Amino acid sequence: MTNPHAERILVLDFGGQYTQLIARRIREAGVYSEIYAWDVALEKIKASKPFGIVLSGGPSTVTVEQTPQVHPEVLQWGLPVLGICYGMQTMVAQLGGEVETASHQEYGYAQIVAETPTALLQGLADATDSAGRALLDVWMSHGDRVIRTPAGFEVTAQTESCPIAAIADPERRFYGVQFHPEVTHTRQGQQIINRFVHDICGCGSEWNPANIIDDQIASIQQAVGSDSVVLGLSGGVDSSVVAALLHRAIGAQLTCIFVDNGLLRLHEGDQVMQTFAEHLGVHVLRVDAEQRFLDGLAGVSDPEQKRKIIGNTFIDVFQEQADRIEDAHWLAQGTIYPDVIESAGSTTGKAKVIKSHHNVGGLPERMKLNLLEPLRELFKDEVREIGSELGLPHTMIYRHPFPGPGLGVRILGEVRKEFADLLRRADAIYLEELYKHKLYDEISQAFAVFLPVKSVGVVGDNRAYEYVIALRAVETIDFMTAKWKHIPYDILEIISNRIINEVRGVSRVTYDISSKPPATIEWE
């Protein structure tokens, strides 16, 4: 069996905002990538046996004392190294070059002139100038610049304000770019990453859905043995893919527990049971725990506390159900990489807590089951590719994400049944109209939010004082950053009118035009 982890590229993280994107781009090239903190123990880097190393960008400057540096020995191993932005600057400084704080900073779009052919940039161009030189559209984000390259390096690209925009030492296979190839704004960025991992590092393309599935099935079977596994099935993309993967790996040893917590979308419970139990042949137990969750949430308004209560209650229900299943020693979850990052659980340890996820940081110590998280290393797009490879229907794997705590974090403030019922109906109308106008698949995530405020309205000839619904829709590739979706006004008008007219208790609908960052995708 092919090991998709055998050929790997390490990304050393200097705290850059795009570090996760670097790893994604490398994986899109078919090569496994891991992210380590820049100051990780040298032994750990050696033990991973990388085929190449990428030094990420970051907020620091090499022009001051005690700046973050890659361990000098890494630059002596003979491995290919690609320095991006700060990564290029620290490599230059450590190898004897010079960096200064620039008088003209570059943030955003730039066009570089690639004059010297190298393995990294040769033959790539978005346009040519009057002299026939290759021009590349790139994304810059830097305040420092290299002014003298180390011995053995040549300048391979420049801009008007940045005379050293890319460098190369082909003999040592050291490359540096001042711009960010990992972001989509750099049009040839994926090609540049491909050049580095394939042509320079010599990696193949073993990181692909079929190999990942085979590898995970073997790992699951080895870990689980003859034990039974309990999966908390929500019906969302992540848990659905885990269910299909586990069903293929261990068959009847899997029992899915679908907890109807009263915080689901309209008719979701029936849909989940029909899809998995009837169509896929997976053993699913449905547990009605609505009142239990609502009782636990009564009077609680703090979003972090709500997440903990919902997460702990989930675990309690799972444990109770698992106690009835012979030899059940494992709890499987659909944890994915962005969950880990946002809960500050990434291996770098550098991330700050944005919000905790019930399936990452909220598990109580009393839980008696071992955790099984086969998607923990994967980004959302990788999860969907695996789901497609496993044969799950398009409508399931491309369904918009739904948070583990469900409507509990889409009802701002205290959670009550009347609020949940109202929000469910409004959300269903919103999604129905998006489907009807063929917008659903253009949007990465869309949902309604219940606001715990009342607004004056007019219903017929009478004054109404009722609740407010906010609509949210975003476009994103990786859910680490997101832009709000420009839904046409006439369609928003239809959605608003339907919600106000059909959902009793709503007098006003608003549309959220915040991007991430600074906002998060969910409101809580």
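Right above here is the structure, for reference.
Since we're looking at a predicted model, the values are computed, not measured. Each chain carries its own residue numbering, running from 1 in the written order of its sequence. The predicted nature of this model means local features are confined to residues of pLDDT at least 70 and side-chain atom pairs, given and counted, to a pLDDT of 80 or more, with totals for whole chains, interfaces and linings taken over all residues. Computation of side-chain values: all heavy atoms of the structure, hydrogens and water removed.

1. A short note on the pattern of salt bridges
Then, in step 1: Just to be clear on terms, a salt bridge is a Lys or Arg side-chain nitrogen sitting within 4 Å of an Asp or Glu carboxyl oxygen. All told, the structure shown has 34 salt bridges when counted by the stated rule.
Then, in step 2: With a shortest N-O distance of 3.3 Å, Arg145 and Glu100 are connected by a salt bridge. Here Glu100 lies in strand β5 (residues 98-114) and Arg145 lies in strand β7 (residues 134-148), a separation of 45 residues in the sequence.
Then, in step 3: Accessible area is worked out with a 1.4 Å probe on protein chains only. A residue is then buried under 20% of its type maximum, exposed over 50%, and partly exposed in between. Judged by relative accessible area, Glu100 falls into the partly exposed class, the value being 28%.
Then, in step 4: With a closest N to O distance of 2.7 Å, Glu522 and Arg410 form a salt bridge. Residue Glu522 is found in the segment after β19 (506-511), and its partner Arg410 is found in the loop between α12 (394-397) and α13 (417-436); the two are separated by 112 residues along the sequence. By the burial criterion, Glu522 is buried, and Arg410 matches it.
Then, in step 5: Several salt bridges share partner residues, and in doing so they unite Glu432, Glu433, Lys436, Arg498 and Glu502 into one network. Helix numbers and strand numbers start at the N terminus; a helix is a DSSP run of H or I with at least 4 residues, a strand a run of E with at least 2.

2. Some remarks on the sheet that holds strand β12 (residues 254-260)
Then, in step 1: Between any two strands, pairing holds if DSSP finds at least two bridges. Spatial ordering of the open sheet is given by β13-β12-β11-β14-β15, a layout of five strands whose pairing is parallel. Each of the sheet's edge strands pairs with one partner strand only, and the pair in question is β13 (284-288) and β15 (370-372). Going from strand to strand, the sheet's axes swing by 30 degrees on average, the running direction of each strand aside.
Then, in step 2: Both strand β11 (residues 228-232) and strand β14 (residues 328-332) contribute to a ladder of four bridges, which runs parallel. Note on β14: the bridge partner recorded for Leu231 is Ala332.
Then, in step 3: Two residues form a contact once any of their heavy atoms are found within 4.5 Å. The axes used here are C-alpha line fits, helices contributing only the stretch in contact, and every angle between their N-to-C directions lies in the interval 0 to 180 degrees. Along the sheet face, helix α9 (residues 303-322) touches β11, β12, β13 and β14 and points at about 135 degrees away from the line of β12.

3. Remarks on the pairing of β7
Then, in step 1: Note that strand β6 (residues 127-128) and β7 share two bridges and pair antiparallel. Counterpart to Thr128 in the pairing with β7 is Ala134.
Then, in step 2: Linking β6 back to β7 in an antiparallel pair, the connection comprises five residues, with Gly132 at a positive phi of about 85 degrees.

4. Some remarks on the packing of aromatic side chains
Any two aromatic rings considered together are summarised by their centre-to-centre distance and by the angle between their planes.
Then, in step 1: Only rings of Phe, Tyr and Trp enter the pairing, Trp through its six-membered ring, and a pair is recorded when the two centres are within 6.5 Å. The plane angle decides the type: under 30 degrees is stacked, over 60 is edge-to-face, the rest tilted. If you walk through the whole model with that rule in mind, you get 10 aromatic pairs.
Then, in step 2: Between Phe419 and Tyr467 the ring centres are 5.3 Å apart and the planes differ by 70 degrees, which places this aromatic pair in the edge-to-face class. Of this pair, Phe419 sits in helix α13 while Tyr467 sits in strand β17 (residues 462-475), and the two are 48 residues apart along the sequence. For the residue pair Phe419 and Tyr467, the accessibility class agrees, reading buried in each case.
Then, in step 3: Ring centres 6.3 Å apart and planes at 75 degrees place the aromatic pair Trp484 and Tyr511 in the edge-to-face group.

As far as function goes, none of this settles anything; it's purely spatial.
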